[in-house]
Amino acid sequence: MTFVSRGFKGRRQVEAAADRVPPGQYVTDDFPVLSAGPTPLILTENWRFTLITEANEELTWNWDEFQQLPHEQVTVDIHCVTKWSKLDTRWEGVSLDTLLAGVKTSARFALAYSHGGYTTNLPLADLTGGKAWVAFNYEGAPLRPEHGGPARLLVPHLYFWKSAKWVQGLRLMDQESPGFWESYGYHIYGDPWKEQRYAGD
Amino acid sequence: MERTAVRGRLSWLLADVVELIPETPRVKSIRLRVPGWTGHLPGQHVDLRLTAEDGYQAQRSYSIANPPEGENVTITVELVDNGEVSSYVHEELRVGDRIELRGPIGGYFVWEPARGGPLQLVGGGSGLVPLMAMARSLGGAAVPARMLVSARTQEDLIYRQELSRLPTEIPDLRVDYTLTRSQPDGWKGYARRVDRAMLGETTFDSGQNPQIFVCGPTGFVESVATILRELGHPPERIRTERFGPTGG
Ligand SMILES: Cc1cc2nc3c(=O)[nH]c(=O)nc-3n(C[C@H](O)[C@H](O)[C@H](O)COP(=O)(O)OP(=O)(O)OC[C@H]3O[C@@H](n4cnc5c(N)ncnc54)[C@H](O)[C@@H]3O)c2cc1C
């Protein structure tokens, strides 16, 4: 812990931002794109969002039905495991509380799944209580495909890989099942404030 | 003591800076010896951590440029204007210094000869780094491999001499080039941004079912990956890595 990099001064965070930036992160104005494969092009007329309970009951919305649900606008800070954080990002979407309202479940975990095969796991408690959305607008405009459009999960209190792009649905489960990056050595939970980047952190 | 090495836990290691190699005016390779390194696969990266006297720290990710070779880890760093970590690496770091890192990180954007071929690499700018680890591991593997390399100018082309030598040492490897900004006299490669025609002419076609790795600035990766899909490659055969921000 006492190691010092000879000659390193560093560029500090702006004072006001310091307590909003988790350890090991730096603030960027950019919106970097990180994906493991090509960007899928999904037309809203083919878009569906599906909740699958642990009893295999399914609840599906198409784009129009989804747009009928109450929208919320949120301004949040986001933190990517590749070290950048972005403050005060503005999103519009449907709260997971709204989506889960009519669902009978005692599951404790969820696996979000996306077009292209991406998955990520989260405790269900991290998706409820005003902490998570399925977002389709970013900074007042439709979310662009490379950032996960038409719609992505938004779970800003966890590292951003948990905010699955091109989200198709949620599978509710009794047991935790590691998603894509979680199977490649990334942390099972991913709390940026505890710097849970990789397995064992 | 055995038990402290919990499986999967990535501890910070102190690496020795062994050699600094200028690749281009804005890019340097840093050869590190990392006591305690457990090995890596081509395509993986490390996290570097710099610590100031008052405890302030900065971390960034860098791809590993060399194939597995014991405790040796080489990274290649492009100088970003006002970049906190890249400018330290370029302007301050010397042979004999030590630097903290941990890894290897990432398990999807990886390839090793045992995975077979054909292997298709498409790299832009410093996006060449993880692809070079793959190309350097080809050796006598007899895996058909092709690499399409994009740089702004010949001077900006990293690993230039090694790249021109590799195909003479590895007959199964073909390397094609494009220089997007300016070309030297007598240039025989392409002279434009990577496009559909170029990918059609230089890369394995979808019938050969190559495993494809694309790395570079975001715009480059977005466009190359999209064209490759249009050329019939299934998305799960196209693995991408973007060095973010919007990239150069
Ligand atoms: C998985 C992974 C692997 C990577 N591998 C490599 C590698 O092999 N070699 C390498 O050089 N980099 C690599 N990077 C990028 C690297 O992690 C840093 O982002 C980069 O070195 C800039 O850090 P910095 O501290 O110097 O600049 P910062 O202080 O973070 O940025 C300074 C300014 O420059 C802008 N900027 C940052 N990066 C770039 C860029 N690439 N192009 C243009 N503008 C930029 C920022 O928006 C900011 O305004 C990799 C990133 C990831 C996520």
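Predicted, not measured: the structure shown is a model, and the values here were computed from it.

Cut-offs used in this document
- Residues numbered from 1 in each chain as written.
- Chains lettered and ligands numbered in written order.
- Predicted model: local features only at pLDDT ≥ 70, side-chain atom pairs only at ≥ 80, totals over all residues.
- Heavy atoms only, no water.
- Pairing = 2+ DSSP bridges.
- Helix = DSSP H or I, 4+ residues; strand = E, 2+ residues; numbered from the N terminus.
- Axes fitted to C-alpha atoms, helices over the stretch in contact; angles between N-to-C directions.
- Salt bridge = Lys/Arg side-chain N within 4 Å of Asp/Glu carboxyl O.
- Buried < 20%, exposed > 50% of the residue type's maximum accessible area, 1.4 Å probe, protein only.
- Expected span 1.5 Å × (residues − 1).
- Contact = heavy atoms within 4.5 Å.
- Buried area = accessible area lost by both parts, 1.4 Å probe.
- Polar contact = N/O pair within 3.5 Å; in protein donor to acceptor, adjacent residues only side chain to side chain.
- Nonpolar A, V, L, I, M, F, W, Y, C, P; charged D, E, K, R; others polar.
- Parallel < 35°, antiparallel > 145°, perpendicular 65-115°, else oblique.
- Left-handed = near helix turned anticlockwise from the far one by under 90°.
- Near = heavy atom within 4 Å.
- Areas by Shrake-Rupley, 256 points an atom, 1.4 Å probe, with all protein chains shown as cover.

Participant: It is not clear to me how the sheet that holds strand β5 (residues 72-78) of chain B should be interpreted in this structure. Could you clarify?
Facilitator: Residues and elements named next belong to chain B. Read across the sheet, 6 strands follow the order β4-β3-β6-β1-β2-β5 without closing on themselves; strand pairing throughout is antiparallel. Two strands lie at the open edges of the sheet, namely β4 (57-63) and β5, each paired on one side alone. Here the average twist between neighbouring strands, direction ignored, is 40°. Bridge analysis of strand β1 (residues 13-24) against strand β2 (residues 27-33) gives 7 bridges, and the strand direction is antiparallel. Within β2, the position partnered with Thr-24 by the bridge is Val-27.

Participant: Would you mind showing me how to read the pattern of salt bridges here?
Facilitator: Where charged atoms of side chains with opposite charge meet at close range, the side chains can pair. What the rule picks out here adds up to 23 salt bridges over all chains. Note that A:Asp201 is salt-bridged to B:Arg9, the shortest N-O span being 2.9 Å. Note that A:Asp201 is positioned in the segment after α4 (180-183) and B:Arg9 in the segment before β1, a pairing that runs across two chains. Given the relative accessible area of 23%, A:Asp201 is considered partly exposed. Across the pair B:Glu230 and B:Arg196 runs a salt bridge, and its minimum N-O distance is 3.1 Å. Here the residue B:Glu230 occupies a position in helix α5 (residues 218-230), and B:Arg196 occupies one in helix α4 (residues 196-202), the gap between them amounting to 34 residues. Residue classification places B:Arg196 among the partly exposed positions, given a relative accessible area of 42%. One continuous salt-bridge network, built from bridges that share partners, spans A:Arg6, B:Glu92 and B:Asp97.

Participant: Would you mind going over α5(B) with me for this structure?
Facilitator: At 3.6 residues per turn, the α-helix brings residues three or four places apart onto the same side. Residues and elements named next belong to chain B. Spanning 13 residues, α5 covers 18 Å between terminal C-alpha atoms, matching the ideal 18 Å at 1.5 Å per step. When we look at burial in α5, the residues that qualify are Thr-218, Phe-220, Val-221, Glu-222, Val-224, Ala-225, Ile-227 and Leu-228. The elements touched by buried residues of α5 are β7 (119-124), β8 (145-151), α4, β10 (211-216) and β11 (238-242). Backbone geometry just after α5 places Gly-232 at a positive phi near 105°.

Participant: Teacher, can you tell me more about the interface of chain B and chain A here?
Facilitator: How big an interface is tends to be reported as the loss of accessible area on association of its parts. Opposite the 45 residues of chain B that make contact, chain A presents 34 residues. Taken together, both faces of the contact between chain B and chain A bury some 3500 Å²; the carbon and sulfur share is 52%. For the pair chain B and chain A, the number of links is 5 salt bridges. When the shortest N-O distance is used, the salt bridge between A:Arg6 and B:Asp97 registers 2.5 Å. If you look at where chain B meets chain A, you find 16 residue pairs in polar contact (both at pLDDT 80 or more). Of the residues contributing to the side of chain B that touches chain A, the split by class is 15 nonpolar, 13 polar and 17 charged.

Participant: Could you clarify how one ought to interpret the packing of helix α2 (residues 128-136) of chain B against helix α3 (residues 160-169) of chain B in this entry?
Facilitator: Two measures define how a pair of helices packs: the angle their axes make with one another and the distance between the axes. All names here are of chain B. Between α2 and α3, the shortest axis-to-axis distance is 12 Å and the interhelical angle comes to 30°. Of the possible angle classes, the one that applies to α2 and α3 is roughly parallel. Regarding α2 and α3, the two cross each other, and that crossing is left-handed. Residues Leu-128, Met-132, Ala-135 and Arg-136 of α2 lie in contact with α3, whose contacting residues are Glu-162, Leu-163 and Leu-166. When grouped by side-chain class, the residues that make up the contact of α2 with α3 number 5 nonpolar, no polar and 2 charged.

Participant: I tried to follow the site of the ligand on my own but got confused; where do I start?
Facilitator: Not every one of the 25 residues close to the ligand is listed here, only the nearest: A:Arg11, B:Ser61, B:Tyr62, B:Val85 and B:Ser86. More than one chain approaches the ligand, the contributing ones being chains A and B. B:Glu78 has a polar backbone atom sitting 2.9 Å from an oxygen atom of the ligand. At 2.8 Å, a backbone N or O of B:Val85 approaches an oxygen atom of the ligand. A total of 920 Å² of accessible area belongs to the ligand in isolation, and the protein chains cover 83% of it. Here the residues of the shell around the ligand are counted per class, giving 8 nonpolar, 11 polar and 6 charged.

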